[in-house]
Amino acid sequence: LHDLWFALRRIRVRAVHSIVVALTLGLGIGAALAVFAIVDAVLIRPLPYIDPSQLVRVTRKLPVAGFPEVPFSDVGYRRLASDTRTLTATAAYTPRDANLIGRGQPRRLTTARVSASMFDALRVQERLGRSFSAQEDLPNGPRVVILSDWLWRSAFGGDPTVVGQAANIEGEPFTIIGVLDPAT
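Thresholds, definitions, all that
Residues numbered from 1 in each chain as written. Predicted model: local features only at pLDDT ≥ 70, side-chain atom pairs only at ≥ 80, totals over all residues. Heavy atoms only, no water. Helix = DSSP H or I, 4+ residues; strand = E, 2+ residues; numbered from the N terminus. Rg over C-alpha atoms; globule rule 2.2 N^0.38 Å. Buried < 20%, exposed > 50% of the residue type's maximum accessible area, 1.4 Å probe, protein only. Contact = heavy atoms within 4.5 Å. Areas by Shrake-Rupley, 256 points an atom, 1.4 Å probe, with all protein chains shown as cover. Lys, Arg positive; Asp, Glu negative; His and termini not counted. Charge placed at Lys NZ, Arg CZ, Asp CG, Glu CD. Core = buried A, V, L, I, M, F, W, Y, C linked by side-chain atoms within 4.5 Å. Salt bridge = Lys/Arg side-chain N within 4 Å of Asp/Glu carboxyl O. Expected span 1.5 Å × (residues − 1). Phe/Tyr/Trp six-rings, centres within 6.5 Å; stacked < 30°, edge-to-face > 60°. Pairing = 2+ DSSP bridges.

## Thoughts on the overall build of the protein chain
Helices and strands together make up the secondary structure of the protein chain, namely 5 helices and 8 strands. Element order for the protein chain, N to C, with α for helix and β for strand: α-α-β-β-α-β-β-α-β-β-α-β-β. In summary, the protein chain has a C-alpha radius of gyration of 25 Å against a globular reference of 16 Å for 184 residues, an excess of more than 25%. Seen along its three principal axes, the alpha-carbon backbone of the protein chain occupies a region of about 80 × 45 × 35 Å. Burial statistics for the protein chain: of 184 residues in total, 21% are counted as buried. In the protein chain, the proportion of contacts linking residues at least 24 apart, taken out of those at least 6 apart, comes to 52%. Here the protein chain displays about 13,500 Å² of accessible surface, and carbon together with sulfur accounts for 61% of that area. Of the side-chain charges in the protein chain, 21 are positive and 16 negative, and the distance between the mean point of each set is 9 Å.

## Focus on the nonpolar core
In this structure, Leu-100, Leu-147, Leu-151, Phe-156, Val-162 and Ile-176 are the most contacted members of the largest nonpolar core, which totals 15 residues. If you list the elements that add at least two residues to this core, you get β3 (93-101), β6 (144-147), α5 (149-156), β7 (166-169) and β8 (172-180). By residue number, the principal contributor to this core is α5, which donates 4 residues. The contacts of Phe-156, once residues within four sequence positions are left out, are Leu-100, Arg-103, Leu-147, Leu-151, Val-162, Ala-167 and Ile-176. Grouped together as the second largest cluster of nonpolar side chains are 10 residues, Ala-116, Leu-122, Val-144 and Ile-146 included.

## Some thoughts on the pattern of salt bridges
Considering all chains together, one arrives at 5 salt bridges under this definition. A salt bridge links Arg-153 to Asp-149; the shortest N-O distance between them is 3.1 Å. With a gap of 4 residues between them, Arg-153 and Asp-149 both fall in helix α5, about one helical turn apart. In this structure Asp-149 comes out as buried when scored by relative accessible area, which is 12%. Each of Arg-127, Asp-149 and Arg-153 takes part in a single network of salt bridges with overlapping partners.

## Some thoughts on helix α1 (residues 2-13)
Between its first and last C-alpha, α1 extends 17 Å over 12 residues, near the 16 Å set by a 1.5 Å rise per residue. Of all 12 residues making up α1, only 0 are buried, and the element is barely covered by its neighbours.

## A few points about the packing of aromatic side chains
Counting across every chain of the model gives 1 aromatic pair. Judged by centre distance (5.9 Å) and plane angle (20 degrees), the ring pair of Phe-119 and Phe-132 falls under stacked. Placement of the pair is Phe-119 in helix α4 (residues 118-122) and Phe-132 in the loop between β5 (126-129) and β6, with a sequence separation of 13 residues. Judged on exposure class, the residue Phe-119 and its partner Phe-132 are both buried.

## Some remarks on the pairing of β8
Two strands pair when backbone bridges link them, and β5 and β8 are joined in this way by 3 bridges, in the antiparallel orientation. Bridging across to β8, Glu-126 finds its partner in Leu-180. Pairing of β6 with β8 involves 4 bridges; the strand directions are parallel. Residue Leu-147 lies in a different strand from β8, and its bridge partner there is Val-179. The sheet contact formed by β7 and β8 spans 4 bridges and is antiparallel.

Take a look at the structure:
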């Protein structure tokens, strides 16, 4: 009890010093927790898919041109998918940013153009609607989109009748055919 009383008197005598020390400790602990949260999310926690250790990502590199990665063309992906003997399933995706227009304020989204086999390869289920068909995978196929659960809730208000409605993405109309399960 005497030591505690002595510590409180020293803190009161050197108040500015004590505040600086407390703030430094707080910032240090906060920074350490932030770094751990990022490491946990990126490196430690497994991907939210069935058997994530079986997933691989295949890319091409062009070091001569200075590009770290170059996406496969449709023809290149189809050749890889037909020639592979070691992969159970193949799927392609190309991420890009796009604007969703016409649902309140325009929203900047991270989207991906995916092959029809993507959700089967990841063994992901839709909450509403259906997955992509082979017809929609063709270069001039119908313009369709599957919404994430977050986008469905935030931009479309969780409307269960959203399947079949149009979504304006980058000025082009896309028909909404499904909504992903929130676990994905």
